[in-house]
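As a plain string of letters, each chain reads:
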Amino acid sequence: MAANAQKGCLLDPGGGVVGPDPKGPMCRAYETALHAWCSKKPGKRGDFNDVFFKKLKDRSLAAKRELPVGFLEKGKRVARGLEKLSRKGDAKGAAATQLLQEIRNATALESSGWCTWLYRSLGAATVRGAMGAQGVDIERVLVPDALRPPDPGTPVEIKRPTEEESHDGQLRNYAKASPNGQCELVNCAACELSCATRKVDCPSPPYASKR
């Protein structure tokens with residue numbers, strides 16, 4: 001286990017991926033959210049992360065949902081340190097400046113609903129298109145589920161029991177773009193829940209606890 005890892009964390013996806021305290025508020029919210037989400041019929045459950053953040057009741061974290069932490073250039077190189085990059089007078093600096101502006105705009109909305117998600121997604125697409133026109137090939141804007149305060153904060157990624165990385169090396173890329181070189185993964189394994197050994201999102205109850 002890596003020195004920067006907390007007990008019970010999941011490091012399988014690669015270096016810099018850490019987990020929350022299995023007995024802490026993040027994991028309690030995850031377990032409660034899983035029970036609530038699975039209690040509804042398929043098609044009526046909605047977004048798992050929305051349920052999770054309602055159970056977490058942490059406005060400071062919920063207000064920093066879906067914010068960019070960096071971008072992935074062509075060739076799979078992660079551009080990190082947005083503040084530092086923004087001071088450069090080149091296209092990468094312009095991209096970083098645009099992302100920082102999106103962070104400020106989106107955070108000011110103080111909402112974790114659909115409209116804010118749409119705004120942030122459009123902002124990421126705008127950056128990608130604008131930088132492509134300037135000769136910087138941005139393959140992907142890196143947008144974790146949330147950022148821990150204070151700014152820019154550690155990226156937090158929440159995964160349902162069967163949810164996989166959205167792109168190859170997602171968690172490692174978030175860790176590379178993070179100011180402290182870490183990405184916090186919240187899932188069944190990190191929270192030491194029984195759903196970590198099952199291959200469906202909602203098996204027969206109990207859904208989660210093995211403590």
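The structure contained in this document is the topic of the report that follows. The model shown is predicted, which means the values in this text are computed figures rather than measured ones.

### Here we look at the overall build of the chain
Part 1 of the reasoning: Looking only at helices and strands, one finds 7 helices and 7 strands in the chain.
Part 2 of the reasoning: In sequence order, the secondary structure elements of the chain are arranged as β-α-α-α-β-β-α-α-α-β-β-β-α-β.
Part 3 of the reasoning: Taking the intrachain contacts of the chain between residues at least 6 apart in sequence as the baseline, contacts between residues at least 24 apart amount to 61%.
Part 4 of the reasoning: Accessible surface for the chain amounts to roughly 10700 Å². Of this, 51% is attributable to carbon and sulfur atoms.

### Considerations on the sheet that holds strand β5 (residues 146-147)
Within a sheet, neighbouring strands are paired by backbone hydrogen bonds and run either parallel or antiparallel to one another.
Part 1 of the reasoning: Taken in spatial order, the 4 strands make up an open sheet running β1-β7-β6-β5, and their pairing is mixed. Of all the strands in the sheet, just β1 (17-18) and β5 have a single pairing partner and so form its edges.
Part 2 of the reasoning: Pairing between β1 and strand β7 (residues 183-186): 2 bridges, direction parallel. Considered in β7, the bridge of V17 is made with C183.
Part 3 of the reasoning: Seen against the sheet, helix α2 (residues 48-56) touches β5, β6 (155-158) and β7 and runs at an angle of roughly 115° to β6.

### Quick notes on the pairing of β6
Successive side chains on a regular strand alternate, one facing one side of the sheet and the next facing the other.
Part 1 of the reasoning: On β6, burial covers both faces: P155 and E157 on one face and V156 and I158 on the other are all buried.
Part 2 of the reasoning: With 2 bridges joining them, β5 and β6 adopt antiparallel strand pairing. If you follow L147 over to β6, its bridge partner there is P155.
Part 3 of the reasoning: Pairing between β6 and β7: 3 bridges, direction parallel. Bridged to V156 within β7 is E184.
Part 4 of the reasoning: Regarding topology, helix α7 (residues 170-177) serves as the crossover connection from β6 to the parallel β7, and that connection is right-handed.

### Digging into the side chain of D201
Part 1 of the reasoning: Mapped onto the elements of the fold, D201 is located in the segment after β7.
Part 2 of the reasoning: Here R160 takes part through its side chain, which lies 3.1 Å from a polar atom of the side chain of D201.
Part 3 of the reasoning: Other than its neighbours up to four places away in sequence, D201 contacts L34, W37, C38, R160, P161, T162 and E163.

### Here we look at the state of the cysteines
Part 1 of the reasoning: By the definition in use, this model includes 3 disulfides.
Part 2 of the reasoning: Across the disulfide from C27 sits C191; the S-S distance is 2.1 Å. Linking C27 and C191, the disulfide has an S-S dihedral of approximately -80° and is accordingly described as left-handed. Taken together, the positions of C27 in helix α1 (residues 25-38) and C191 in the segment after β7 put the pair 164 residues apart, joining distant regions of the chain. As far as burial versus exposure is concerned, C27 and C191 are alike and both buried.
Part 3 of the reasoning: For C188, the disulfide goes to C195, at an S-S distance of 1.9 Å. In this structure, the disulfide formed by C188 and C195 twists by about -105° around the S-S bond and is classed as left-handed.
Part 4 of the reasoning: Within the chain, bonded cysteines paired by disulfides and numbered along the sequence follow the pattern 1-4, 2-6, 3-5.

### Description of the packing of aromatic side chains
Part 1 of the reasoning: A complete count under the given rule lists 3 aromatic pairs for this structure.
Part 2 of the reasoning: Judged by centre distance (5.4 Å) and plane angle (70°), the ring pair of Y30 and F48 falls under edge-to-face. Here Y30, found in helix α1, pairs with F48, found in helix α2; they are 18 residues apart in sequence, far enough to count as distant.
Part 3 of the reasoning: For the pair W37 and F48, a centre-to-centre distance of 5.6 Å together with 80° between the ring planes defines the contact as edge-to-face.

### Thoughts on the packing of α1 against α2
A pair of packed helices can be characterised by two numbers: the angle between their axes and the separation between those axes.
Part 1 of the reasoning: Two elements in contact, α1 and α2, have axes separated by 8 Å at closest approach and are oriented at 125°. The angle between α1 and α2 places the two elements in the oblique class. As α1 runs across α2, the sense of the crossing is right-handed. Between α1, through P25, M26, A29, Y30, T32, A33, L34, A36 and W37, and α2, the contact on the second element is made entirely by F48, V51, F52, K55 and L56.

Analysis parameters
Residues numbered from 1 in each chain as written. Predicted model: local features only at pLDDT ≥ 70, side-chain atom pairs only at ≥ 80, totals over all residues. Heavy atoms only, no water. Helix = DSSP H or I, 4+ residues; strand = E, 2+ residues; numbered from the N terminus. Contact = heavy atoms within 4.5 Å. Areas by Shrake-Rupley, 256 points an atom, 1.4 Å probe, with all protein chains shown as cover. Pairing = 2+ DSSP bridges. Axes fitted to C-alpha atoms, helices over the stretch in contact; angles between N-to-C directions. Buried < 20%, exposed > 50% of the residue type's maximum accessible area, 1.4 Å probe, protein only. Right-handed = clockwise from strand over helix to strand, strands pointing away. Polar contact = N/O pair within 3.5 Å; in protein donor to acceptor, adjacent residues only side chain to side chain. Disulfide = S-S within 2.5 Å. Phe/Tyr/Trp six-rings, centres within 6.5 Å; stacked < 30°, edge-to-face > 60°. Parallel < 35°, antiparallel > 145°, perpendicular 65-115°, else oblique. Left-handed = near helix turned anticlockwise from the far one by under 90°.

Keep in mind these values describe shape, not function.
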